[in-house]
Amino acid sequence: MREIIFDTETTGFDPKAGDRLVEIGCVELVDRRETGVTFHAYFNPERDMPAAAEAVHGLSIQFLSDKPLFATRVDELIEFLGDAPLVAHNAAFDFGFVNAELARAGRPALDMARMCCTVQMARRLHPGAKHSLDALCTRYGIDRSHRVKHGALLDAELLAHLYIEMTGGRQIGLGLAADAAGAVASAVADPVRTAPPRAFREPRPHGPTPAELARHAEFVATLTGPLWHDSP
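Quick caveat: nothing in here was measured; it's all calculated off a predicted structure. (Residues numbered from 1 in each chain as written. Predicted model: local features only at pLDDT ≥ 70, side-chain atom pairs only at ≥ 80, totals over all residues. Heavy atoms only, no water.)

(A) Broad picture of the nonpolar core. Counting residues in hydrophobic clusters, the biggest one holds 25 residues, and the most contacted among them are Ile4, Phe6, Ile24, Cys26 and Leu81. Elements that contribute at least two residues to this core include exactly strand 1 (2-10), strand 2 (21-30), strand 3 (33-42), helix 3 (70-81), strand 4 (86-88) and helix 4 (91-104). Leaving out residues up to four positions away in the same chain, Ile4 has contacts with Cys26, Val27, Glu28, Phe80, Leu81, Ala84, Pro85, Leu86 and Val87. Residues Ile5, Val27, Cys137 and Leu159 belong to the second largest nonpolar core, which totals 21 residues. (Core = buried A, V, L, I, M, F, W, Y, C linked by side-chain atoms within 4.5 Å. Buried < 20%, exposed > 50% of the residue type's maximum accessible area, 1.4 Å probe, protein only. Helix = DSSP H or I, 4+ residues; strand = E, 2+ residues; numbered from the N terminus. Contact = heavy atoms within 4.5 Å.)

As C-alpha cells, then:
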C-alpha cells in the first residue's frame, strides 16, 4: 500500500485572496515504511513575501526569485503523487493551496476523497490535547530538535514518523498495514458509529432476602445509642 505524506509552505493563509504556494515536500510510504523516495520543490510565487510568513518558514522573495514556477514542475508532482492516499497535517489547508495552483496550471484538482488529515486523527485519539505537529511529536517521542523553522520536506518527514506511530507503530508493517489503514480511514471518515444491537437481558434482582432483613434487624438491636435515635 503506497501513501504520500506531504506538507506545504505558502505566502499566507488564503489562496482565494492571492496567497501562493512556495514549497512542497512529499515523502513516500509503502506498507507504513519510508522508502527514501521523496519529492521536494521551491516555487517562485510571482508576488511579495509577507514578513509574517517569512518569519515562519524563512523563505524570502530573494531566495525564491530564481526558482521555477509551479506550472514548470506540475507534471512531475502529479506523476509522483499518482493515485495514492495523501496525508497532511491540517490537510484541508494544504489541499486548498495545491488545488489552487493546479487550477492555475490548467490541471484537475486533487480529489478530496484522497485526503487523510492527521489533525482529525489526533483529535479522535487525544481529545482535549494540543494537536500541533510539535506537540504531537513530543507526545510520541519523535525528535524535532532540528526543526528551527517550518520546512515542507522536514515537516513531511516528521509527519511521516508521527503518522506511523498514530496508526500503530512500526510493527504493523508485518502484514497488518492494510487492516490498520482500513481502521484509520473508517475512524476518520465515520467518527459517529452505531453500536451493534445487543440481546436483551433481564435485570438482576438487588433487593435483600427475608433472611438478610432478619439478620439486619438482629444486628441493629445490639447497637447502643445509634445516631438515628433521638436519645440513647
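This is not the end of the story, as more comes after the structure.
(B) How the structure looks around the sheet that holds strand 2. Pairing within the open sheet is mixed, and its 5 strands lie in the order 3-2-1-4-5. Every interior strand has two partners, whereas the edge strands, strand 3 and strand 5 (115-117), have only one. Sheet twist, expressed as the average angle between the axes of neighbouring strands with direction ignored, equals 25°. When strand 1 meets strand 2, the two strands line up antiparallel, connected through 9 bridges. Across the sheet, Thr8 pairs through a bridge with Ile24, a residue of strand 2. Contacts from helix 3 reach strand 1, strand 2, strand 3 and strand 4 within the one sheet, and its direction differs from that of strand 3 by about 165°. (Pairing = 2+ DSSP bridges. Axes fitted to C-alpha atoms, helices over the stretch in contact; angles between N-to-C directions.)

(C) Spotlight on the layout of surface pockets. Considered as a void within the structure, the largest pocket measures approximately 570 Å³ in volume. Those elements giving two or more residues to the lining of the largest pocket turn out to be strand 1, helix 1 (51-57), helix 4, helix 6 (133-139) and helix 7 (152-166). (1 Å grid on protein atoms, 1.4 Å probe; cavity = no way out; pocket = protein on both sides within 12 Å on 5 of 7 lines; lining within 4 Å. Points joined across faces, edges and corners; volume = space filled by probe spheres on them.)

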